[in-house]
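Take a look at the letters that make up each chain.
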Amino acid sequence: MAHGDVVAWVAGMRADGLSASRTRQAYHLLTSMPDAAGKDGRLARNAAAGVDLPRLPTTDRRYLPHGQLADLADHCGRHRLLVLVLGYSGLRWGEAAALRVRRVDRLRGRIEVAESVTEAEGRSVFGPPKSHARRWVPVRRFLRQDLASHLAGRDPEEFVFPSRTGGPLRVGNFRRDWFDRAAVVVGLAGLVPHELRHTAASLAIASGASIKGVQSMLGHASAAMTLDRYGHLFGDELDAVAERMDAARADWMRTEGSGGGDRRSAD
């Protein structure tokens, strides 16, 4: 397989009408195999690397304020706590569905994200998180007591947010039975669970989180990825920084002015 063959294959998928998302998924699956062979020393280079991929279509993300998130959670019945954890911690759906009781440190108020679950041909497939790196995510203080009560007396290997049969909760069932109807009731028709991850990012940024802090919370591979997706939300923070800098300079000018006259005359 040569690099040109992969370029032609990607172009062919687009010509056949395959979406940008599916094309990218197919490409990443293909390139992961020679990547693994290279790590084992069985392949000198990955000929599939570096192919230009179609851009994903831009969509308007919805970032829920605290009130809307609370209303949505309240209308999700027994899954209220799950919605709040997603909306304030930024866990991916697969990470929340795979979360086990022993991964929650109730004393420190932390969740260890070490596993994720996906659905393949009707089966639950477990693996590492998307970034392949474990991370610790803080549980917001107002949620800690609810989470502690939710986990009381539970076996360490149980799922924190199980299905009715005790297995991992499937996103399709969750949406059909609870989430989609709740979204309509609170005026958010069309909302998807992944937008709760975006909400967590926006609420963290609005509360003063840095780019590195948001990167760590979401488990992004790089700060550049975080900035690419949420950089526009830091505008308000920069405005606030500018205002604080103006105030600090004004304080300095008052101090200097009272003891040393006009600074400009000294230049």
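Provided above is the structure to which this section pertains.
Residues numbered from 1 in each chain as written. Predicted model: local features only at pLDDT ≥ 70, side-chain atom pairs only at ≥ 80, totals over all residues. Heavy atoms only, no water.

Points about the pairing of strand S4 (residues 123-127)
Then, number 1: Relative to S4, strand S3 (residues 116-120) is paired through 5 bridges, and the arrangement is antiparallel. Considered in S4, the bridge of Val117 is made with Phe126. (Pairing = 2+ DSSP bridges. Helix = DSSP H or I, 4+ residues; strand = E, 2+ residues; numbered from the N terminus.)

Focus on the packing of aromatic side chains
Then, number 1: Applying the stated criterion to the full structure yields 4 aromatic pairs.
Then, number 2: Look at Tyr88 and Phe142: their rings are 5.1 Å apart centre to centre, the planes differ by 80 degrees, and that puts the pair in the edge-to-face class. Of this pair, Tyr88 sits in helix H4 (residues 80-89) while Phe142 sits in helix H6 (residues 141-151), placing them 54 residues apart in sequence.
Then, number 3: Ring geometry for Phe174 against Phe179: centres 5.5 Å apart, planes inclined by 40 degrees, an arrangement best described as tilted. (Phe/Tyr/Trp six-rings, centres within 6.5 Å; stacked < 30°, edge-to-face > 60°.)

Topic: the nonpolar core
Then, number 1: By size, the foremost hydrophobic cluster in this structure holds 49 residues, and its most contacted members are Leu69, Leu72, Leu82, Val83, Val160 and Leu196.
Then, number 2: Those elements that provide at least two residues to this core are helix H3 (66-74), H4, helix H5 (93-98), strand S2 (110-113), H6, helix H7 (171-185), helix H8 (194-206) and helix H9 (211-218).
Then, number 3: Per element, the largest residue contribution to this core is 7 residues, and it comes from H4.
Then, number 4: Val160 has contacts with Leu99, Arg100, Val101, Val104, Leu147, His150, Leu151 and Arg154, leaving out every residue within four places of it along the chain.
Then, number 5: Counting 7 residues, the second largest nonpolar core, distinct from the first, contains Val6, Met13, Tyr27 and Leu30. (Core = buried A, V, L, I, M, F, W, Y, C linked by side-chain atoms within 4.5 Å. Buried < 20%, exposed > 50% of the residue type's maximum accessible area, 1.4 Å probe, protein only. Contact = heavy atoms within 4.5 Å.)

Points about the sheet that holds S2
Then, number 1: Taken together, the 3 strands give an open sheet; going across it, the order is S1-S2-S5, and neighbouring strands pair in antiparallel fashion. On the outer flanks of this sheet lie strand S1 (104-105) and strand S5 (135-138), each paired with one strand and no other.
Then, number 2: Sheet analysis places S1 next to S2, joined by 2 bridges and oriented antiparallel. Across the sheet, residue Asp105 finds its bridge partner in S2, namely Arg110.

Section: the packing of H9 against helix H10 (residues 223-230)
Then, number 1: Axis separation between H9 and H10 bottoms out at 9 Å; the angle between their running directions is 100 degrees. Taken together, the axis directions place H9 and H10 in an arrangement best described as roughly perpendicular. Contacts between H9 and H10 involve Ile211, Lys212, Val214, Gln215 and Leu218 on the former and, on the latter, Ala223, Thr226, Leu227 and Tyr230.
Then, number 2: Grouping the constituent residues of the contact of H9 with H10 by class yields 6 nonpolar, 2 polar and 1 charged. (Axes fitted to C-alpha atoms, helices over the stretch in contact; angles between N-to-C directions. Parallel < 35°, antiparallel > 145°, perpendicular 65-115°, else oblique. Nonpolar A, V, L, I, M, F, W, Y, C, P; charged D, E, K, R; others polar.)

Here we look at empty space enclosed by the protein
Then, number 1: Enumeration over the complete set of coordinates arrives at 2 cavities of 30 Å³ or more.
Then, number 2: Lining the largest cavity are Leu91, Glu95, Ala98, Leu99, Arg100, Arg103, Glu112, Val113, Ala114 and Glu115.
Then, number 3: Contributing elements (two or more residues each) for the lining of the largest cavity: H5 and S2.
Then, number 4: For the lining of the largest cavity, the residue count by class is 5 nonpolar, no polar and 5 charged.
Then, number 5: Of the voids in this model, the second largest cavity is the one considered here, and its volume is about 30 Å³.
Then, number 6: Forming the walls of the second largest cavity are Leu84, Val85, Tyr88, Ser89, Ile111, Pro138, Val139, Arg140 and Leu143.
Then, number 7: Looking at the lining of the second largest cavity, the element that brings in the most residues is H4, giving 4 residues.
Then, number 8: Among the residues making up the lining of the second largest cavity, the classes are represented as 7 nonpolar, 1 polar and 1 charged. (1 Å grid on protein atoms, 1.4 Å probe; cavity = no way out; pocket = protein on both sides within 12 Å on 5 of 7 lines; lining within 4 Å. Points joined across faces, edges and corners; volume = space filled by probe spheres on them.)

Quick look at H9
Then, number 1: For H9, the full list of buried residues reads Val214, Gln215, Met217 and Leu218. Around the axis of H9, the buried residues are gathered within 165 degrees of arc, so they sit on the same side.
Then, number 2: In this fold, the buried residues of H9 make contact with H4, S5, H8 and H10.
Then, number 3: Gly219 sits one or two positions beyond H9 and adopts a positive phi of about 75 degrees. (Arc of directions from axis to C-beta.)

Quick look at the environment of Ala114
Then, number 1: By the element assignment, Ala114 lies in the loop between S2 and S3.
Then, number 2: With 57 residues separating them along the chain, Ala114 and Val171 place their C-alpha atoms 19 Å apart.
Then, number 3: Those residues in contact with Ala114, other than ones at most four positions away along the chain, are Arg103, Pro128, Pro129 and Arg134.

Here's the deal with the pattern of salt bridges
Then, number 1: Applying the stated criterion across every chain, the model contains 14 salt bridges.
Then, number 2: Glu157 is paired through a salt bridge with Arg102; the nearest N and O atoms lie 2.6 Å apart. Linking Glu157 in the loop between H6 and H7 with Arg102 in the loop between H5 and S1, this pair joins segments that are 55 residues apart in sequence.
Then, number 3: You can call Glu157 partly exposed: its relative accessible area is 39%.
Then, number 4: When its relative accessible area of 42% is taken as the criterion, Arg102 is described as partly exposed.
Then, number 5: Each of Asp74, Arg80 and Asp146 takes part in one network of salt bridges that share partners. (Salt bridge = Lys/Arg side-chain N within 4 Å of Asp/Glu carboxyl O.)

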